[in-house]
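# Reading the structure
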Amino acid sequence: MPLIQLETTIRSNIEICFDLSRSIDLHKMSMSQTQEKAIDGTTSGLINVNEFVTWEATHFGITQHLSSRITVFDFPKHFRDEQISGPFKLIVHDHYFSQNGECVIMKDDFSFESPLGALGRIANPVLKPYLTKLLTARNSVIKYYAESGEWMKILPSNYSSSANVST
């Protein structure tokens, strides 16, 4: 099963980075190149544990739907989203956060399994770099919003990280 591991250093605080990473609104903005939109479940704001979102996006010229659920939630250190339906046999995305002085180390472990068995494995050399590029672009947007102060336009106006967590 292919694994994509990324590490992004962000000059911000851990709560802001964690919440930007689970923001449906920021995700939509970061995936504008695939025309991604949330069409079911949690379609705006911050997604929480046991909540799901269904995304509609265009990849390789094909409109696709993917639903994922937040299955692990340890604010502000880790959350996991897992595909519950969609084009892949499996997607598990672990998001890890640690504060290191004035910076946050944001780590992604993104595992996927292509559909169609051996035929799907043939597609992995194309899918892995494509997905890496999408995740890297998304992380760049998170980094920009966290470091620039633009996060205030995304997170609730009454933002208090501990007040926006439901477990």
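Look up: the structure comes first, before these words.
A brief structural summary. (Residues numbered from 1 in each chain as written. Predicted model: local features only at pLDDT ≥ 70, side-chain atom pairs only at ≥ 80, totals over all residues. Heavy atoms only, no water.)

### Some words on the packing of helix α1 (residues 14–21) against helix α3 (residues 117–148)
Each pair of packed helices can be summarised by the angle the axes make with each other and by the distance between the axes. α3 packs onto α1 with a crossing angle of 135 degrees between their chain directions and a minimal axis gap of 10 Å. Taken together, the axes of α1 and α3 lie oblique to each other. Considering only the axes of α1 and α3, their crossing is right-handed. Residues Ile16, Cys17, Leu20 and Ser21 of α1 pack against Arg138, Ile142, Tyr145 and Ala146 of α3. Within the contact of α1 with α3, the residues separate by chemical class into six nonpolar, one polar and one charged. (Axes fitted to C-alpha atoms, helices over the stretch in contact; angles between N-to-C directions. Helix = DSSP H or I, 4+ residues; strand = E, 2+ residues; numbered from the N terminus. Parallel < 35°, antiparallel > 145°, perpendicular 65-115°, else oblique. Left-handed = near helix turned anticlockwise from the far one by under 90°. Contact = heavy atoms within 4.5 Å. Nonpolar A, V, L, I, M, F, W, Y, C, P; charged D, E, K, R; others polar.)

### Considerations on the layout of surface pockets
Its volume calculated, the largest pocket comes out at about 810 Å³. Lining the largest pocket are 42 residues; nearest its centre among them are Glu36, Leu66, Ile91, Phe110 and Leu131. When contributions to the lining of the largest pocket are tallied by element, the ones reaching two or more residues are α2 (24–30), β3 (52–59), β4 (62–74), β5 (78–85), β6 (90–100) and α3. Across the lining of the largest pocket, the residue classes tally to 24 nonpolar, 12 polar and six charged. (1 Å grid on protein atoms, 1.4 Å probe; cavity = no way out; pocket = protein on both sides within 12 Å on 5 of 7 lines; lining within 4 Å. Points joined across faces, edges and corners; volume = space filled by probe spheres on them.)

### Observations concerning the nonpolar core
Leu20 and Phe97 are the most contacted members of the largest nonpolar core, which totals 26 residues. Contributions of two or more residues to this core are made by α1, α2, β3, β4, β7 (103–113) and α3. The leading source of residues in this core is α1, at five residues. Leu20 has contacts with Leu26, Arg138, Ile142, Tyr145, Ala146, Trp151, Ile154 and Leu155, leaving out every residue within four places of it along the chain. With 11 residues, the next largest nonpolar core counts Phe88, Leu127, Leu134 and Leu135 among its residues. (Core = buried A, V, L, I, M, F, W, Y, C linked by side-chain atoms within 4.5 Å. Buried < 20%, exposed > 50% of the residue type's maximum accessible area, 1.4 Å probe, protein only.)

### Considerations on the pattern of salt bridges
Any two side chains of opposite charge can pair, so long as their charged atoms come close to each other. Summed over all chains, the structure comprises nine salt bridges. As a salt-bridge pair, Lys37 and Glu56 come within 3.5 Å of each other at their nearest N and O atoms. Of this pair, Lys37 sits in strand β2 (residues 37–41) while Glu56 sits in strand β3, placing them 19 residues apart in sequence. Relative accessible area serves as the criterion here: at 42%, Lys37 is assigned to the partly exposed category. Linking Arg80 and Asp94 is a salt bridge whose minimum nitrogen-to-oxygen distance equals 2.8 Å. Residue Arg80 is found in strand β5, and its partner Asp94 is found in strand β6; the two are separated by 14 residues along the sequence. (Salt bridge = Lys/Arg side-chain N within 4 Å of Asp/Glu carboxyl O.)

### With respect to the pairing of β5
In terms of strand pairing, β4 meets β5 through seven bridges, oriented antiparallel. When the bridges of β5 are listed, Ser68 appears paired with Gln83. Linking β4 to β5, which pair antiparallel, is a turn of three residues. Here β5 pairs with β6 via five bridges, running antiparallel. In the sheet register, Arg80 faces β6, and the bridge partner there is Asp94. Linking β5 to β6, which pair antiparallel, is a turn of four residues; within it Gly86 sits at a positive phi near 155 degrees. (Pairing = 2+ DSSP bridges.)

### What to know about the environment of Ile4
With respect to the element layout, Ile4 can be found in strand β1 (residues 3–10). The sequence separation of Ile4 and Leu90 amounts to 86 residues, and the corresponding C-alpha distance is 14 Å. Among all residues touching Ile4, those that are not within four sequence positions of it are Asp108, Asp109, Phe110, Phe112, Lys128, Leu131, Thr132 and Leu135.

Keep in mind these values describe shape, not function.
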